[in-house]
Amino acid sequence: MEPVEFKGSDPIAWCPGCGNFGILNAVKRALAHLGREPRDYLLVSGIGQAAKLPHYVKCNCFNGLHGRALPVAQGAKLANRDLTVLVTTGDGDCYGEGGNHFIHAVRRNVDITVIVHDNQIYGLTKGQASPTTDSGFETKVQTAGVTLEPLNPVLLAVALGCGFVARSFSKDIEGLSELIVEGVRHPGFSLIDVLQPCVSFNRKNTYEWYGERVYRVDEDSEYDPYERTAALSAAGQWGDRIPTGIIYRNDSKPYEQQTGLSHREPLIERSIRNIDMEPAFTELS
Amino acid sequence: MEPVEFKGSDPIAWCPGCGNFGILNAVKRALAHLGREPRDYLLVSGIGQAAKLPHYVKCNCFNGLHGRALPVAQGAKLANRDLTVLVTTGDGDCYGEGGNHFIHAVRRNVDITVIVHDNQIYGLTKGQASPTTDSGFETKVQTAGVTLEPLNPVLLAVALGCGFVARSFSKDIEGLSELIVEGVRHPGFSLIDVLQPCVSFNRKNTYEWYGERVYRVDEDSEYDPYERTAALSAAGQWGDRIPTGIIYRNDSKPYEQQTGLSHREPLIERSIRNIDMEPAFTELS
Amino acid sequence: MARELTVRIAGEAGQGIQSAGEALCRAVRHAGLHLFAHKDYMSRIRGGDNYFQVRIAEQPVQCPREQCDIIIALNPNSASAHAASVGEDGMLIADASEGSIEAGGTRLVDFPLRKTAESVTGSTRAANSIAAGVICRVSGVPEGSLEHGLRAVFAGRNEELVDKNLRAARTAYKMASSCPSPGISLEKSDAGSRLLIDGNQALALGAIRAGCTFYSAYPMTPSTSIMNTMAHFAQRYGLVVEQAEDEIAAINMVLGAWFAGARAMTASSGAGIALMSEGISLAGMTETPVVVVDAQRPAPATGFPTRTEQADLNMAIHSGHGEFVRAVYAPGCIEQAFALAVKAFNMADKYQMPAIILTDQFLADSIRDTAVPDVDAVQVERHVIDKEPSGDIKDYKRYTITESGISPRAVPSWIHDAIYADSDEHTEEGHITEDAAVRTQMVGKRLTTKLIGLSGEIEEPEAYNLDGADLVLVGFGSTRGVMREACDRVLDASVGSVHLSQVWPFPSTALYEMLEHAPKIMTVENNATGQLEDLITWKTRLYVAGAIRKFDGRPFTVDELMRRIREKV
Amino acid sequence: MARELTVRIAGEAGQGIQSAGEALCRAVRHAGLHLFAHKDYMSRIRGGDNYFQVRIAEQPVQCPREQCDIIIALNPNSASAHAASVGEDGMLIADASEGSIEAGGTRLVDFPLRKTAESVTGSTRAANSIAAGVICRVSGVPEGSLEHGLRAVFAGRNEELVDKNLRAARTAYKMASSCPSPGISLEKSDAGSRLLIDGNQALALGAIRAGCTFYSAYPMTPSTSIMNTMAHFAQRYGLVVEQAEDEIAAINMVLGAWFAGARAMTASSGAGIALMSEGISLAGMTETPVVVVDAQRPAPATGFPTRTEQADLNMAIHSGHGEFVRAVYAPGCIEQAFALAVKAFNMADKYQMPAIILTDQFLADSIRDTAVPDVDAVQVERHVIDKEPSGDIKDYKRYTITESGISPRAVPSWIHDAIYADSDEHTEEGHITEDAAVRTQMVGKRLTTKLIGLSGEIEEPEAYNLDGADLVLVGFGSTRGVMREACDRVLDASVGSVHLSQVWPFPSTALYEMLEHAPKIMTVENNATGQLEDLITWKTRLYVAGAIRKFDGRPFTVDELMRRIREKV
Ligand SMILES: Cc1ncc(C[n+]2csc(CCOP(=O)(O)OP(=O)(O)O)c2C)c(N)n1
Ligand SMILES: Cc1ncc(C[n+]2csc(CCOP(=O)(O)OP(=O)(O)O)c2C)c(N)n1
Ligand code: SF4
Ligand code: SF4
Ligand SMILES: [Mg+2]
Ligand SMILES: [Mg+2]
């Protein structure tokens, strides 16, 4: 398949120059590269600029509530494990309103791939601080600058034992699309936090700002993402140097394997027209 | 003050032998040791067995909703920074239903002390798995055993940069009460995760089980809780050896100092009977 | 009136009242007698004061009595607390040697419960089985039935334990020959082959029958045993049962499962359902079916976690922001719980909306001997496009405007096209729109048009004894049984009743026609503000002359209801 | 009828329509004219099609018109899209050189917006100030007022930017002398000294006046500008404004602040309010006051994030599990927004309950010149035990049973005793209980008894032109202005109106008395199911003969309302 075969028909409502365009391109490339039909993918999103992405891709889409993409994605995947399920979400959507689902989805380890468009800001609601906004950043609400410690989602995910933790930069379309492919292929929950310039509201963390700081962890050929201690330390980096690429991996069994779901037909294939209640009735009589 | 002066009048509804009794004693001791009057303390809780604790102590109590103790505690503290605010909560309350508040309360760093009665089970609802239940543990819901990775709250808190992270064992009343005193004295958010045997529903993680495994990190006189790397590694320990004591500390400024709140009179002291609207009206006219 | 006995086992949490009560139920049913059992327990794991009460009768019974013929108390405090609940010729059986008992005027029968347990089994733990033995003997339940009951309850536990309890019960059965008799001996009836399940089990079985393969919830009394039942049958029926991190996750997982093509359910009690409000609204907007059970308990907030109330009716109807169709069912008994679970799935699927099942702790935890449901009486209807025809679909639009308001729902990956579901206002294709005309059209489709069909499929209110009734009781949900029996028993007036097992869309026309000529209407509700009464006024403009409301966390007994009816007529 | 002009600036998000519109408002007010401005914008940051519309009049005006006298469009697409909104003798001003414009029969005035911006400032960004300049000239607003307006809007920005925009606007002002005149020139009135605020600012100011010192919320359109306003004034008024991680945290933080003794508020739109349901129930049970603003937008789910609707009425009244008292206010204009914010704090505090303020995007984002509020007309009442007398309190019980149902609320640490607040059913001391009698008493206190007092303090419905009216319009919230003006304008019938600024407890008696003899009642609502109409039926049994409902996300204009009234009479 070619990326263009995943082009959606809905007109794009993002600002010109927005980092989301790079992510959109990378998603389409990755889907094409993975070689399945549009019908076999499901993109789930919450609400925000990031969350509009599924409308711009030709494949199944569930665009739900702000903060609630992860539970929907997990429910859909468990109902039909043959779907390739991805989530496109924002830093507010995933780590703010949706924070509880995030930590528990990592633990549950259902085989989905989560792409967080991390612009360190609430874009759609016009520029309030998000959980990843740098300290000191001033907004209309945080008039004296953000005082909360920014959340480091990559470190958080490593600490939670997530089996696939990666960071990317939306300008690096090729690198990002490769990570998405890897994330989808990883059996279990995969996180890809993508540095995404918001040209309208984040005047600090710009293309240049990120560009000057990002480096790939695999530049160091010694770097082994399976090494947890090294990963924790790489994951902790933020500021002058920001690591990208696969920061951490492990081979923990996904939910589907642990529960035996992967050996059974998908729930949706089950015929429900005449379920035999006798065994249950007998047991309870 | 003496611990007995903090004795509540409400009859205790816990099971005989429950680890909560130790925590209750430690709390009363710590409050006495800290030397303030009952009127100056506020205990906030959610719902669960742990959350009943404030009823058994003579001091102010807000026993709110399951999972929502932390926001109530932060709101109360910000309204009256002169109160000493503690939260008594369960592993389900704090890390399950309340998980999102937990990660963001750590970031917000309001000066409250959170005591988690971590019995690795949902006690009050009769024994379902909590976020900290060990894998494989069987319950009426998790009939084939828990498949989710247990959450390590201590590691999570260190990864989030929490300024005071401690673990204790409910049997060690003295050690726990010292930690509570330290936690309260720490200016900012303090977490004390307490291993608490549930004699009714957790037949695995018993007094003996914990007793055989816990050790104090300060047994090693070299251990410096201000050292993040060492702390991350200690925090990661679980299983044969379980570290207790102050695992991690840092001197990040609490919310009250960052926002200047600590230099102003508490909000509740403000007279509201005749607030002058002229400046606002003038600006908007 | 059929002859009957009401017996109660009282004691602390942790003394095994629940197992003894269940064993008793099974023994009674094995003896061919009918029964109705309900539980009264506190929100704690040990201590306090709980009871398990069984009404044993020659005919089927559907509600509890106020006074007991026999109460057996496992400790002196419980004995004192329950003495007043013993009826006129009844008896309180307790262990007077364990402490002083304030029995008032009640006939106290001393029985060495703990000592017998200890001497037979070496520990006092089996005092509950002793109690079961005594009760069976005194009520005339054969020893074989007692054994059957105990074996059933302890099934799967280790042999030694089973043996100890059996020996304890048998010894007690023998010893209890010295106890006085209640003066009634019941005739064997036909209950032996019937199911013995509670309201929550019935709901779970209905869901399984309806093809529910995915269940996600967060524990909350009194809904938790639905999850337990689903988990119990997960292996056999290939279900996925997943405990969610919170109720918001639960409903959103369930929506994801429905969207993907499975049938799914969640349950909680009021607080959890309140948290699901936004998700219910999401179901409305995306037109994703969902089945939600609200097992009500007294509120607001945490309230009485283990008790009963019917005060979430307004919330069930109005929760969630904005306007969308939904159905709210309120089963009145175990049979209806099963049947309405199936209907809820059918309707949710057909109208692509939330279907809410309102039960309460009383129904959830009540056990009754029940006819094995006729699974064919409630048809399972599937309303998504089947796999076969899916292959031929072209230019699929998720939200096609149709005459019925229902847009055929396809399963992702079964059709060739991509499916877009959207929580924003959307076009027929499912894409975000800001267009005023499209909005108007979509609201029309989603709300007004679908409502026409849905209103044609309302469960009819059920009339009982209406002909010539001077007074008509009207209720919904779990009060069905108690209202019916009150109709039968109140003899100084002719009392009829109408029971609503669906409260939304409200059966306005049917109810109006039933009640238009009723001389006097009186609502019976387990809440304080009269929420059903308000609905009747709003929807039918009928005049409700009186209201019997109860909101102390306890269910109506037929005796209390009769007394309150008499006070009002 | 007063003479007036309606002008509109249309263009893409990001073209600065908002600033130009605000500058225009300030210019108009400076010129001594009255105005009513509202916004229509899409849920996106750049592109699309938005507008800012200002009705300029010699007399105060409270609602928008449908057709404009002058529309200025910042790009050809917007020009084409808005051509149909130009009234009969009006004009569409646009830059025809930028692309082809489909103006239909509309008079098109070509003006080099972008080119002028470019030539004066070196960039096209200032096209919005050009538009402001043109509009002022054409509407007869003096150049000095234009400058005043721009300076006010750009206050605090760098001098170069201010200068560029001023130069652009002045040039445009000069050039626009060549534009045709709309044929109306307005006489200066007395608006100059009035406030210029929108509904959300009015609410924030009311809250500040009421002593709100703690504000916590999660961003959500159209409520966000309340938080912005609170944050803007935080330093001056010593407020703590904290963005919460989610809406559940927001309401619980606010409850914590109230419990500790401060006054606090939160706001959101429907979805966020749905998430707060459980917290609202908690306020009910713990009897902790709380003030919650629901700035409604079209739903269900995400709906139309930036548009208007009144469909959360049922949710506001019924959200949360269980039964408890609450008050729901529905301000009809900017003055009421200020005054009812104060009242909401007083009542929440007095009755220790949730007070909900229902507004909507239309009111939230509408700007009108408003008399400076008479702060003494709305008294701030404090209902906790003051610090001084607190010292003398002995044996304090948080939930003392009193005749009014209100238990005096003490501030932790001000009294010597410990205070216990509890979400379970509780004793007078605030400890968990399982007692049936205590439950009954507490429900009575919390619900029934408090309701008596609360019902005596309902905001009376406001009657307009009722004497001899053939038809009475009834509405709540933001439709107040449009209903009143329709009453004045519909001349072929005598039309009156009744506006409810409190919808719960429902003003049943007052409304009944007002409407009992009305020949014909017609509701006017921005929703699809007629939620107010249902309340009227339920609570007064009055017959509502007709309903004018609008649910396309747009507010009523007086012209549309009149047309729809005429269709019905
Ligand atoms: C329950 C709820 N709360 C708040 C909102 C409003 N809201 C929409 S998007 C958004 C934040 C978006 O930020 P982020 O997730 O970072 O996405 P971005 O726009 O930056 O891509 C918020 C707060 C909502 N739609 N629903
Ligand atoms: C919104 C909501 N969901 C669920 C519950 C039911 N509930 C009460 S306590 C509890 C779990 C308690 O577990 P934990 O917090 O670990 O406390 P423990 O009893 O073990 O001390 C649950 C699920 C509730 N009260 N409210
Ligand atoms: S607001 Fe920011 S994130 Fe949103 S589309 Fe514009 S540039 Fe992108
Ligand atoms: S159930 Fe467990 S946690 Fe709860 S009181 Fe009993 S022993 Fe303690
Ligand atoms: Mg963002
Ligand atoms: Mg626990």
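Residues numbered from 1 in each chain as written. Chains lettered and ligands numbered in written order. Predicted model: local features only at pLDDT ≥ 70, side-chain atom pairs only at ≥ 80, totals over all residues. Heavy atoms only, no water.

Trainee: I keep staring at the overall build of chain A and nothing clicks. Help me out?
Mentor: Tallying secondary structure elements over chain A gives 10 helices and 8 strands in all. Over its C-alpha atoms chain A spans a radius of gyration of 20 Å, differing by no more than 12% from the 19 Å that the globule rule assigns to 285 residues. Projected onto its principal axes, the C-alpha positions of chain A cover 65 × 45 × 40 Å. Split into buried and exposed, the 285 residues of chain A put 69% on the buried side. Of the contacts made within chain A by residues no fewer than 6 positions apart, 72% connect residues no fewer than 24 positions apart. (Helix = DSSP H or I, 4+ residues; strand = E, 2+ residues; numbered from the N terminus. Rg over C-alpha atoms; globule rule 2.2 N^0.38 Å. Buried < 20%, exposed > 50% of the residue type's maximum accessible area, 1.4 Å probe, protein only. Contact = heavy atoms within 4.5 Å.)

Trainee: Explain the environment of D:V292 to me, please; I cannot follow it from the model alone.
Mentor: All names here are of chain D. Within the secondary structure, V292 is located in strand β11 (residues 290-296). A relative accessible area of 0% places V292 in the buried class. Apart from the residues lying within four places of it in its own chain, the contact partners of V292 are I251, T266, I273, M276, A355, I356 and I357.

Trainee: Could you clarify how one ought to interpret the coordination of the magnesium ion (ligand 5) in this entry?
Mentor: Six octahedral donors around a metal ideally sit at 90 or 180 degrees from one another, while four tetrahedral donors ideally sit at 109.5 degrees. Residues and elements named next belong to chain A. All of the protein donors around the magnesium ion (ligand 5) are D91 (OD), N119 (OD1) and I121 (O); their distances to the metal are 2.0 to 2.2 Å. Here the donor residues for the magnesium ion (ligand 5) map to a single chain with the spacing D-x27-N-x1-I. One exposure class covers both N119 and I121, and it is buried. (Donors = N, O, S within 2.8 Å, 3.2 Å for Na, K, Ca; no water.)

Trainee: Honestly, the site of ligand 3 in this entry has me stumped. Any pointers?
Mentor: Near ligand 3 you find A:W14, A:C15, A:C18, A:N20, A:Q49, A:N119, A:Q196, A:C198, A:V199, A:S200, A:F201 and D:I45, and these make up its full shell. Near ligand 3, the surrounding residues are drawn from chains A and D. (Near = heavy atom within 4 Å.)

Trainee: Just checking my understanding: could you explain the coordination of the magnesium ion (ligand 6) for this structure?
Mentor: All names here are of chain B. Within the protein, the atoms that donate to the magnesium ion (ligand 6) are D91 (OD), N119 (OD1) and I121 (O), at distances of 2.0 to 2.2 Å. Counting along the primary sequence, the residues that act as donors to the magnesium ion (ligand 6) give the motif D-x27-N-x1-I. Placement of D91 in helix α3 (residues 91-97) and of N119 in the loop between β4 (113-118) and α5 (153-159) is noted, with a sequence separation of 28 residues between them. The burial state of D91 is the same as that of N119; both residues are buried.

Trainee: Honestly, the sheet that holds strand β9 (residues 240-243) of chain C in this entry has me stumped. Any pointers?
Mentor: Two orientations exist for strands paired in a sheet by backbone hydrogen bonds: parallel and antiparallel. All names here are of chain C. The sheet built from 7 strands is open, its strands ordered β9-β8-β10-β11-β13-β12-β19 with mixed pairing. The two strands at the open ends of the sheet, each matched to only one other strand, are β9 and β19 (502-504). Adjacent strand axes in the sheet meet at a mean angle of 20°, parallel and antiparallel pairs treated alike. Strand direction decides the pairing type here: strand β8 (residues 212-217) and β9, joined by 4 bridges, are parallel. Paired with Y215 across the bridge in β9 is V241. (Pairing = 2+ DSSP bridges. Axes fitted to C-alpha atoms, helices over the stretch in contact; angles between N-to-C directions.)

Trainee: What is the right way to look at the interface of chain B and chain D in this model?
Mentor: Interface size is commonly expressed as the accessible area that is lost once the parts come together. Facing the 52 residues of chain B at the interface are 68 residues of chain D. Each partner contributes to the roughly 5100 Å² buried at the junction of chain B and chain D, and carbon and sulfur atoms together form 59% of this total. The three residues of chain B that bury the most area against chain D are B:R39, B:I272 and B:L284, which together make up 14% of that side's buried surface. Linking chain B with chain D are 5 salt bridges, by the criterion used here. The tally of links from chain B across to chain D stands at 30 residue pairs in polar contact (both at pLDDT 80 or more). Looking at the side of chain B that touches chain D, the elements that each hand over two or more residues are β2 (60-63), α2 (69-79), α4 (99-108) and α10 (278-283) of chain B. The element that contributes the greatest number of residues to the side of chain B that touches chain D is α2(B), accounting for 7 residues. (Buried area = accessible area lost by both parts, 1.4 Å probe. Salt bridge = Lys/Arg side-chain N within 4 Å of Asp/Glu carboxyl O. Polar contact = N/O pair within 3.5 Å; in protein donor to acceptor, adjacent residues only side chain to side chain.)

Trainee: Can you walk me through the domain arrangement of chain C in this structure?
Mentor: Residue and element names in this part refer to chain C. For chain C, the domain assignment lists domain 1 (4-193), domain 2 (196-377), domain 3 (384-457) and domain 4 (462-568). Between the C-alpha centres of domain 2 and domain 4 the distance comes to 25 Å. Buried surface at the junction of domain 2 and domain 4, summed over both partners, amounts to about 2100 Å²; 56% is from carbon and sulfur atoms. Summed over the shared surface of domain 2 and domain 4, the number is 0 salt bridges. Mapped onto the side of domain 2 that touches domain 4, the elements with two or more residues apiece are α13 (313-318), β12 (327-329), α14 (334-351), β13 (354-360) and α15 (361-365). At 4 residues, the largest contribution of residues to the side of domain 2 that touches domain 4 is made by α13. For the side of domain 2 that touches domain 4, the per-class residue count stands at 15 nonpolar, 6 polar and 5 charged. (Domains from an automatic or database assignment. Nonpolar A, V, L, I, M, F, W, Y, C, P; charged D, E, K, R; others polar.)

Trainee: Explanation requested: unusual backbone geometry in the structure shown.
Mentor: Most peptide bonds adopt trans geometry, and most residues besides glycine take a negative phi value. The amide bond that connects C:A299 to the next residue, C:P300, takes the cis arrangement and shows omega of 5°. Of note, C:P300 is situated in the loop between β11 (290-296) and α13. Notably, A:Q120 is not glycine yet its phi reads approximately 55°, a positive angle. Secondary-structure assignment places A:Q120 in the loop between β4 (113-118) and α5 (153-159). Relative accessible area serves as the criterion here: at 1%, A:Q120 is assigned to the buried category. Its identity as a non-glycine residue notwithstanding, C:E287 has a phi of 55°, on the positive side. Locating C:E287 in the fold gives a position in the loop between α12 (277-286) and β11.

Trainee: Help me understand the sheet that holds strand β17 (residues 471-476) of chain D, please; the structure alone is not making it clear to me.
Mentor: Residue and element names in this part refer to chain D. Across the sheet, which stays open at both edges, the 5 strands sit in the order β16-β18-β17-β20-β21 with mixed pairing between neighbours. Of all the strands in the sheet, the pair left with one neighbour each is β16 (462-464) and β21 (546-549). Taken pair by pair, the neighbouring strands of this sheet meet at an average axis angle of 20°, ignoring direction. Across the sheet, helix α18 (residues 480-489) is in contact with β16, β17, β18 (495-500) and β20 (521-525); its angle to β18 comes to roughly 165°.

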